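An overview of the molecular structure
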Amino acid sequence: MNLDELLAVFALTNNQAEQSEIMEKILDYFVEVMNIRRSTVMNQLGLVFNQSYSSRFNAPHRYYVAGLLIGFRDRMQDYAGTVAESELIERLAWESERLIYGETRNSDLQGEHDAYLWFQEVNPQYMLTKTWVAIIDSKTCHTCAWLNGTTIPIDQLFLLAGQPIINGRGGEGVYSYIDRQVSIAHPNCRCNVKINVERR
Ligand SMILES: [Zn+2]
């Protein structure tokens, strides 16, 4: 089964054993995306694989994606009970696509981020910062435009749940999602992160 099919079965099956088995497969997939990116950047930075560092980064990512998947399943099961089958299929396709796009990017950015974070920890003579880089065009939301150019130390958070922000429509709002180490503000966000390395 490909990822779309796994998500569809995960969301709609009533078999709990099957559901947990599929959830593990989906989690493995996103952790793998993150690990591949992290290994590539680690190689570039001359860092050597270390199991304890690796587990430290994998566990929170797994936990975070699991939370998203549970929310996705609950929404789909609610729809399954209330809308026509054609609408359910459409909704499922739309949400799966959004989840795959968002979490592939998030896993990729997080893998890169964690390699640099690790680099900073073993090389304190360097000072690493990260910059939020938005694509500025007619589709850019106010939140991403507002965050564009923000530069902070690598080990800090770009977005903290509960903090005041400029919302997508340009008004004042509160950021109410997970704490963010990487530059993703909302689903379908196109933002990127630039890592800056300076010798102290
Ligand atoms: Zn964005």
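This structure is a prediction, so every number in the text was calculated from the model and none was measured.

**Comments concerning the sheet that holds strand 1 (residues 126–133)**
Across the sheet, three strands lie side by side as 2-1-5; this open sheet has antiparallel pairing. At either margin of the open sheet sits one strand with a lone partner, and together these are strand 2 (151–153) and strand 5 (192–199). Neighbour to neighbour, the strand axes of the sheet diverge by 30° on average, direction disregarded. Sheet analysis places strand 1 next to strand 2, joined by three bridges and oriented antiparallel. Residue pairing in the sheet places Thr-129 in a bridge with Pro-153 of strand 2. Sitting on the sheet, helix 4 (residues 85–122) touches strand 1 and strand 5, and the angle it makes with strand 1 is about 160°.

**What to know about the environment of Gly-149**
The topology assignment puts Gly-149 in the loop between helix 5 (142–147) and strand 2. Along the sequence, Gly-149 and Gly-171 sit 22 residues apart, while their C-alpha atoms lie 19 Å from each other. The contacts of Gly-149, once residues within four sequence positions are left out, are Thr-131 and Trp-132.

Basis of the calculations
Residues numbered from 1 in each chain as written. Predicted model: local features only at pLDDT ≥ 70, side-chain atom pairs only at ≥ 80, totals over all residues. Pairing = 2+ DSSP bridges. Helix = DSSP H or I, 4+ residues; strand = E, 2+ residues; numbered from the N terminus. Axes fitted to C-alpha atoms, helices over the stretch in contact; angles between N-to-C directions. Contact = placed C-beta atoms within 7 Å.

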